[in-house]
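An overview of the molecular structure
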Amino acid sequence: TDDREISTLVADACQSHLRRLADILDDVRRSKARRRASPASEDMGASLDPDKLSILEVSSDRICILDTTYRYQYVNGAQAKFRRVSSSAFIGKSNWEVISETFFAKVMKPIFDRCFDGESVDLTSYHPDRAPDVVYQCRFDPIRNGEGKAVALLASCRGLPADKLFRANALVCPGLPIGAIS
């Protein structure tokens, strides 16, 4: 059917975009590893290439980096705007402080833990009470250190027009708050 073909094309385009973001992250990781190997690099923040971060910052996709304690280490402008707070309000906050303890425990923690075990995870979610015309496609990728151990994760999310097929195949998430971070 036409709906299925359109859904497939949209899903393919999203996957392609998310792969490009993963490639950017790989470039950032390689740059970080090179700087870590250099004795002149003592500041960990200096290992993040500002040009690469600026690409993430101007992306219309919502992007964040969480460490293994589920705390935000980076949030781009699109995610901050979506949550109606500044990017700096996220830094150091636990994910469950932003999305609710229940949603974190039931949905996100298992996904994050799979990432920290080295797996990339895709999630399509639908929030009918908040955005009935939008389906969110999210990708979670591990960020590995020089030894290959996942030390953080990159989360990328984009809203897409919700057609019947997307809604039928999405995780329904009613009542998930958008509000300000406490």
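Residues numbered from 1 in each chain as written. Predicted model: local features only at pLDDT ≥ 70, side-chain atom pairs only at ≥ 80, totals over all residues. Heavy atoms only, no water.

1. A short note on unusual backbone geometry
Test applied: Secondary structure elements are defined from DSSP: runs of H or I of at least 4 residues count as helices, runs of E of at least 2 residues count as strands, and each element is numbered from the N terminus.
One non-glycine residue, R84, lies in positive phi territory at about 65°. Mapped onto the fold, R84 is located in the loop between α3 (77-83) and α4 (87-90).

2. Comments concerning helix α6 (residues 101-116)
Short version of the rule: Here a helix's expected span is defined as the number of its residues, less one, multiplied by 1.5 Å. Here the bend at a residue is taken as the angle between two axes, fitted respectively to the seven residues that end there and the seven that start there. Throughout this description, buried means an accessible area under 20% of the type-specific maximum (1.4 Å probe, protein chains only), exposed means over 50%, and partly exposed covers the range between.
Taking 1.5 Å of rise per residue, 16 residues should cover 22 Å, yet α6 covers just 19 Å from first to last C-alpha, more than 12% shy of that figure. Along its length, α6 shows its largest kink, about 50°, at M108, and proline P110 lies within four residues downstream of that point. When α6 is considered as a whole, its buried residues turn out to be F103, F104, V107, M108, I111, F112, C115 and F116. Looking at the residues trailing α6, positive phi occurs at G118, about 105°.

3. Observations concerning the confidence of the model for the chain
The line we're drawing: Here pLDDT means the predictor's own confidence in every residue, given as a number from 0 to 100. A contact between two residues is defined here by any heavy atoms of the two lying within 4.5 Å.
Averaged over every residue, the pLDDT of the chain is 74; residues scoring 70 or more account for 58%. Considering each helix and strand of the chain separately, the mean pLDDT is smallest for helix α7 (residues 164-169), with a value of 55, and largest for strand β1 (residues 62-67), with 92. Considering only residues more than four positions removed or in separate chains, one finds that residues 38-47, a stretch of pLDDT under 50, has eight contacts. This stretch, residues 176-182, has a pLDDT under 50; its non-local contacts, to residues over four places away or in other chains, come to 22 contacts.

4. Details of the pairing of strand β2 (residues 72-75)
What counts here: Any two strands with at least two DSSP-identified bridges between them are counted as paired.
Summarising the sheet, β1 and β2 pair through three bridges and their orientation is antiparallel. Across the sheet, C64 pairs through a bridge with V75, a residue of β2. Between β1 and the antiparallel strand that follows it, β2, lie four residues; Y70 among them carries a positive phi value of about 70°.

5. Observations regarding the packing of aromatic side chains
Quick note on the threshold: Note on aromatic pairs: the rings of Phe, Tyr and Trp (six-membered ring only in Trp) are paired at centre separations within 6.5 Å, and the planes decide the class, stacked below 30 degrees, edge-to-face beyond 60, tilted for the rest.
Inspection of every chain in the model, using the stated rule, returns eight aromatic pairs. For the pair F104 and F112, a centre-to-centre distance of 6.2 Å together with 50° between the ring planes defines the contact as tilted. We classify F104 as buried; its relative accessible area is 7%. Relative to F140, the ring of F112 has its centre 5.9 Å away and its plane inclined at 65°; by these criteria the two rings are edge-to-face. Within this pair, whereas F112 is found in helix α6, its partner F140 is found in strand β4 (residues 134-144), the two being separated by 28 residues in sequence.

6. Overview of the pattern of salt bridges
Definition in use: The salt bridge definition used is simple: a Lys or Arg side-chain nitrogen within 4 Å of an Asp or Glu carboxyl oxygen.
Scanning the entire structure with this criterion turns up five salt bridges. Its salt-bridge partner being D141, residue R139 comes within 3.1 Å of it at the nearest N-O pair. Here R139 matches D141 in class, with each residue buried. A single network of salt bridges, built from pairs that share partners, joins D122, R139 and D141.

7. Looking at the pairing of β1
Regular strands show a simple pattern: their side chains alternate between the two faces of the sheet. Most of β1 sits inside the fold, with six of its six residues counted as buried. Side-chain alternation along β1 places R62, C64 and L66 on one buried face and I63, I65 and D67 on a second face that is also buried. Of the strand pairs in this sheet, β1 and strand β5 (residues 150-161) are connected by six bridges, and their pairing is antiparallel. Bridge pairing in β5 links I63 to S156.

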